[in-house]
Amino acid sequence: MALFDDEGDLAGALREVGVSDHVESKIADLSSFRGVKGVIILNDEGLPIRWHFDEVYRAIAFQYIAVVNQLMNKVSAALSQLNKTEPNAWGEHVSNDVTCLRVRSKKNEIIITPGTEYSLVIVQDLNVLD
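Residues numbered from 1 in each chain as written. Predicted model: local features only at pLDDT ≥ 70, side-chain atom pairs only at ≥ 80, totals over all residues. Heavy atoms only, no water.

A.B. asks: Describe in detail the overall build of the protein, supporting the description with residues and values.
C.D. replies: From N to C terminus, the protein includes four helices and five strands. The buried share of the protein, reckoned over its 130 residues, is 34%. A sequence separation of at least 24 residues applies to 43% of the contacts in the protein between residues at least 6 apart. Just so you have it, the protein exposes about 8400 Å², and 54% of that area is on carbon and sulfur atoms. (Helix = DSSP H or I, 4+ residues; strand = E, 2+ residues; numbered from the N terminus. Buried < 20%, exposed > 50% of the residue type's maximum accessible area, 1.4 Å probe, protein only. Contact = heavy atoms within 4.5 Å. Areas by Shrake-Rupley, 256 points an atom, 1.4 Å probe, with all protein chains shown as cover.)

Put into structure tokens, the structure is as follows:
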């Protein structure tokens, strides 16, 4: 699927692949919170299918997308290694998949909630929240 710069074209294309108006309204809701720089929805291959960034931050949106994919791959690999060595209370080695990952620096916080089909990424400006 091609990436679109014009959000109108993107919204129409997303409806074709099943992203509903309900999802669009939730993205708008999330984007309206104070301090939110942007919201990204990635497909199961890590490709962006929808994003909303304030105009000021759009130039760095793709940097966030690339970093998030690398970060999730490394975290998943680390958890996979832990699963091999750390059994649960009953001695079983069970799946320990990432359900939410928060990375916080002095300037930003990135919240990643991966799913089987889609992942949600929210980028916040911590200076606005203070």
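A.B. asks: I'd love a proper account of the nonpolar core, names of residues and values included.
C.D. replies: Residues Ile40, Phe53, Val68, Ile112 and Val121 are the most contacted members of the largest nonpolar core, which totals 16 residues. Looking at this core, the elements with two or more residues in it are strand E1 (36-43), strand E2 (48-53), helix H3 (61-85), strand E4 (108-113) and strand E5 (118-125). For this core, the element with the most residues is H3, which contributes six residues. For Ile112, the residues in contact, after removing those within four places along its chain, are Val68, Leu71, Met72, Thr99, Cys100, Leu101, Leu120 and Val121. (Core = buried A, V, L, I, M, F, W, Y, C linked by side-chain atoms within 4.5 Å.)

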